[in-house]
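Chain and residue survey
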Amino acid sequence: MSKPKVFIDGQEGTTGLQIHERLAGREDIELLVIAPDKRKDLTERKKLINAADLVFLCLPDAAAVEAVGLIENSRTRVIDASTAHRTAPGWVYGFPELYKKPEEVIGTARFVANPGCHATGFLASAAPLVSMRILPRDYPLTCCSLTGYSGGGKKMIAQYESKEKGEELCSPRVYGTTLKHKHLPEMQKISGLDNPPVFTPVVDDYYKGMATTIYIHNRYLVGQPTAKELSLILMAYYAGQPLVSVAPYMEEPAYLAANALAGTDKLELTVSGHEGQSIITARFDNLGKGASGAAVQNMNLMLGFEETRGLAL
Ligand SMILES: NC(=O)C1=CN([C@@H]2O[C@H](COP(=O)(O)OP(=O)(O)OC[C@H]3O[C@@H](n4cnc5c(N)ncnc54)[C@H](OP(=O)(O)O)[C@@H]3O)[C@@H](O)[C@H]2O)C=CC1
Ligand SMILES: CC(=O)N[C@@H](CCC(=O)OP(=O)(O)O)C(=O)O
């Protein structure tokens, strides 16, 4: 049988390069590569998109929509890393751990939208708690998410790595202050909450790594679990998952470094707090489980390979 042909549209961007890195050594797929000087040539991209069995779109939103419009066959399957299709009809949301049988949902899908990085951290803790009916749908969640500057792609990387970098880039910067961050629609839809969280992301002066925290008053949860009980509930939910896990509950104070899982494709949840209040922090790499690692995990499911093949565990 011939190997599936895979094309990365946007191969020279931050996400595209990272996907390429994970696929370059693989012998179970044939990677179609565009000539560097043609990477924005519509005719050449159209040719490769239609020659591929599966295409990764690692492009700005508008270019991703345009790329889907270039498909002229009923065979090419798509994983879109951009925000363009995450709540669009006809697209499957590519967060395997949230499905009982991801091989049936993602594995058979033609169009898969890869989750946003902040949304990944938020959904890892909020979505299971809503689906298990512990977190009421009308709970007014708040969320704060720390990210390294590679989350902003090539332009932001260049700003942070410039010799003329201003003082303000040397400290954490709160953004999304209009409370309309582009990940809010997927955070609300996929979690099943009635309302989007009040959400502020924070970008800081380090390359990669995320810590996304949600804040909970335990007495408003069904069954009023303590922080320690919440930790056990989530541990049971993610039992056996190769990429998502829950750290043992700790009573002692701790520093949760946002770059603790940088360089891996894993995500770890830590539940902290006491009887009355809990915080749940998801730590992962914005370029790993927050983007390229998740995209390759989805590709593995779609092409029938072992879910974690080529990923950093
Ligand atoms: N960085 C991250 O952590 C994450 C990013 N994403 C999403 O993934 C997508 C890619 O982001 P990221 O890799 O960070 O962005 P980058 O800016 O690093 O890369 C985007 C790439 O797309 C290329 N490009 C732009 N327009 C076109 C076009 N019309 N045709 C072909 N190529 C084009 C750019 O070219 P050029 O090199 O000339 O600029 C660049 O190489 C975005 O939608 C982003 O929101 C998702 C999750 C996390
Ligand atoms: C630091 C920074 O700017 N990060 C980006 C998120 C990157 C990402 O996951 O966004 P999409 O996949 O939805 O484009 C932001 O908050 O807009």
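Every value quoted in this text rests on a predicted model; they were computed, and no experiment measured them. (Residues numbered from 1 in each chain as written. Chains lettered and ligands numbered in written order. Predicted model: local features only at pLDDT ≥ 70, side-chain atom pairs only at ≥ 80, totals over all residues.)

**With respect to the pairing of strand 10 (residues 210–217)**
On a regular strand, one side chain projects to one face of the sheet and the next to the other, so that they alternate. So the rule is basically this: Every C-beta atom is placed from the backbone, and the number of other C-beta atoms within 10 Å of a residue's own sets its class: buried at 20 or more, exposed at 12 or fewer, partly exposed in between. Under the DSSP-based scheme used, a helix requires at least four consecutive residues in state H or I and a strand at least two consecutive residues in state E, with every element numbered from the N terminus. A strand pair is defined by DSSP finding two or more bridges across the two strands.
Burial of strand 10 is extensive: six of the eight residues sit out of reach of the surface. As judged from the six bridges shared by strand 7 (residues 142–148) and strand 10, these two strands associate in the antiparallel manner. Bridge pairing in strand 10 links C143 to I214. Sheet topology note: the strand 10/strand 13 (residues 277–284) ladder contains eight bridges and is antiparallel. By the bridge assignment for strand 13, A211 is matched with R283.

**Considering helix 7 (residues 184–191)**
For clarity, the cut-off: Here the contact rule is simple: place C-beta atoms from the backbone, and any two residues whose C-beta atoms are within 7 Å are in contact.
All of the buried residues along helix 7 are L184, E186, M187, I190 and S191. Lining the buried residues of helix 7 we find strand 5 (92–93), helix 5 (117–131) and strand 9 (198–204). Taken from the residues just after helix 7, G192 is the one with a positive phi, measuring 85°.

**Examining the domain arrangement of the protein chain**
Spelled out, the test is: Domains are outlined according to an automatic or database domain assignment.
Along its sequence, the protein chain is organised into domain 1 (5–115 + 290–303) and domain 2 (117–288). Just the C-alpha atoms count here: the centres of domain 1 and domain 2 sit 25 Å apart. Contacts between domain 1 and domain 2 engage 17 residues on the former and 25 residues on the latter. If you list the elements that add at least two residues to the side of domain 1 that touches domain 2, you get helix 1 (14–23) and helix 9 (288–303). Considering every element that reaches the side of domain 1 that touches domain 2, the biggest residue donor is helix 9, with six residues.

**Re the site of ligand 1**
Spelled out, the test is: Nearness rests on one distance test: the residue's C-beta atom, set from the backbone, must lie within 6 Å of the molecule or strand. Under this grouping Gly is polar, as are all residues other than the nonpolar Ala, Val, Leu, Ile, Met, Phe, Trp, Tyr, Cys and Pro and the charged Asp, Glu, Lys and Arg.
Residues in close proximity to ligand 1 total 26 residues, the closest being G13, T15, S82, G153 and A291. Among the elements of the structure, helix 1, helix 3 (61–69), helix 6 (153–160) and helix 9 are those that each provide at least two residues to the shell around ligand 1. Considering each element in turn, the shell around ligand 1 owes the most residues, three residues, to helix 1. Here the residues of the shell around ligand 1 sort into eight nonpolar, 13 polar and five charged. Lining the shell around ligand 1 are residues from two domains, each supplying at least three of them: domain 1 (5–115 + 290–303) and domain 2 (117–288).

**Quick notes on the sheet that holds strand 7**
Strand order in the open sheet made by the seven strands is 8-9-7-10-13-12-11, with mixed pairing throughout. The open sheet has two edge strands with one neighbour each: strand 8 (173–174) and strand 11 (244–246). Here strand 7 runs beside strand 9; their pairing, made up of seven bridges, is parallel. Within strand 9, the position partnered with T142 by the bridge is V198.

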